[in-house]
Amino acid sequence: MFHYCSARATNYDMVHYGHSNQLRQAKAMGDYLIVGVHTDAEISKHKGPPVFTEAERYKMVRAIKWVDEIVEGAPYVTTLETLDKYNCDFCVHGDDITLTVDGKDTYEEVKRSGRYRECKRTQGVSTTDLVGRMLLMTKAHHSNIVSLSDYQQHTDNFGKGPQGHSPWTGVSQFLQTSRKIIQFASGKEPQPGDTIIYVAGAFDLFHIGHVDFLEAVHKQSEKPYIIAGLHFDQEVNRYKGKNYPIMNIHERTLSVLACRYVSEVVIGAPYAVTQDLLDHFKVDMVCCGRTEVFPDKDGSDPYAEPKKRGIFRTVDSGNNLTTDDIVQRIIKNRLQFEARNQKKEAKEMAVIQAMKRREEERMKERAKAIL
């Protein structure tokens, strides 16, 4: 059974683990998942300026392990013609509403025809929240106590329209569970003949720069088994400073596990690639990109041991994009993003009010019929 999922990557078109979870759920509904990805022009028209280019978004979505095929330049409104063109039985989207620039449901036609399925939105993650973390140069998002912080005040303003919060745009807290990790994990053990490759880093705001690096690492062997070591939040903040990491360790874990090039993740990996770590995972190769490598707390080289063993390799992905660059893209367009978000919120609230009115009218009609 083929099915189609329209991946417009909500709000600022960042691809985060909430979108990956939507695609995971969509894939479980059928056998073959085709994902439609929109052009920059379409996103700008209906939602606002995109952060990633369409070429970057195409590659990001292709790298999600549940995706079988993508449609580049997919129409913003999903029609029966689109489903038939790609031999799809039905269309899948999250349980948040998606509107065109003039406030119409983009899935109205496929819903009427019965060729629409819905999956659950991932609680605790929204692009609104992530952008809010980027715009505030604080570490409040690493604390559960945010009720009186500047962060809370910001989210109240950033994710709230004049008539209250939309349930689809608002901010909530992400709570990690073992079940969620299992759903994202491949569960595959290294097989005889596999080359076990270790990479380490923050992998914050998992983006196209990370994807290009992991793809380049994947090409280092005919049978690669890539283990990604993720540093704890405190460690990342030690060497990155400011409000980094933007995503906490639980969020970063899911982001990396969703990538088709990664086989396993070490949650809270040591900053230095130690003898114990290499021996425990039977690592054949350690790869690092061309980004700056910060020294360990004692000033030593964190890759000293793999270099000593002759298994260290620097991999040039050809992409110099960093998390800092992504944050700068957001800050540069801050006013546009905030204005767009408030407009989107207002449209969503208008739809909610209309739905409530229709439901109230139906209830009145039923009451009259009973009397």
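See above for the structure.
Residues numbered from 1 in each chain as written. Predicted model: local features only at pLDDT ≥ 70, side-chain atom pairs only at ≥ 80, totals over all residues. Heavy atoms only, no water.

## As for helix α12 (residues 249-257)
Part 1: Of all nine residues in α12, eight are buried; the element is thus mostly enclosed.
Part 2: All of the buried residues in α12 are Ile249, Glu251, Arg252, Thr253, Leu254, Ser255, Val256 and Leu257.
Part 3: Its side-chain oxygen at 3.0 Å from the backbone nitrogen of histidine 250, asparagine 248 defines the N-terminal cap of α12. (Buried < 20%, exposed > 50% of the residue type's maximum accessible area, 1.4 Å probe, protein only. Helix = DSSP H or I, 4+ residues; strand = E, 2+ residues; numbered from the N terminus. Polar contact = N/O pair within 3.5 Å; in protein donor to acceptor, adjacent residues only side chain to side chain.)

## Structural notes on the nonpolar core
Part 1: Membership of the largest hydrophobic core comes to 58 residues, with the highest contact counts inside it found for Val199 and Leu214.
Part 2: The element best represented in this core is helix α10 (residues 208-218), accounting for six residues.
Part 3: In this structure, valine 199 is in contact with Phe213, Leu214, Val217, Ile226, Ile227, Ala228, Gly229 and Cys287, ignoring residues within four places of it in sequence.
Part 4: By size, the runner-up hydrophobic cluster in this structure holds 15 residues, among which are Tyr225, Val273, Val283 and Ile311. (Core = buried A, V, L, I, M, F, W, Y, C linked by side-chain atoms within 4.5 Å. Contact = heavy atoms within 4.5 Å.)

## Things to note about the packing of helix α4 (residues 54-62) against α10
Part 1: In the contact formed by α4 and α10, the axes pass within 10 Å of each other and the chain directions differ by 55°. Accordingly, the angle class assigned to the pair α4 and α10 is oblique. Every pair of crossing elements has a handedness; the one defined by α4 and α10 is left-handed. Contact with α4, carried on its side by Glu56, Lys59 and Met60, involves Ile208, Val211, Asp212 and Glu215 of α10 and no other residues of that element.
Part 2: Residue composition of the contact of α4 with α10, by class: three nonpolar, no polar and four charged. (Axes fitted to C-alpha atoms, helices over the stretch in contact; angles between N-to-C directions. Parallel < 35°, antiparallel > 145°, perpendicular 65-115°, else oblique. Left-handed = near helix turned anticlockwise from the far one by under 90°. Nonpolar A, V, L, I, M, F, W, Y, C, P; charged D, E, K, R; others polar.)

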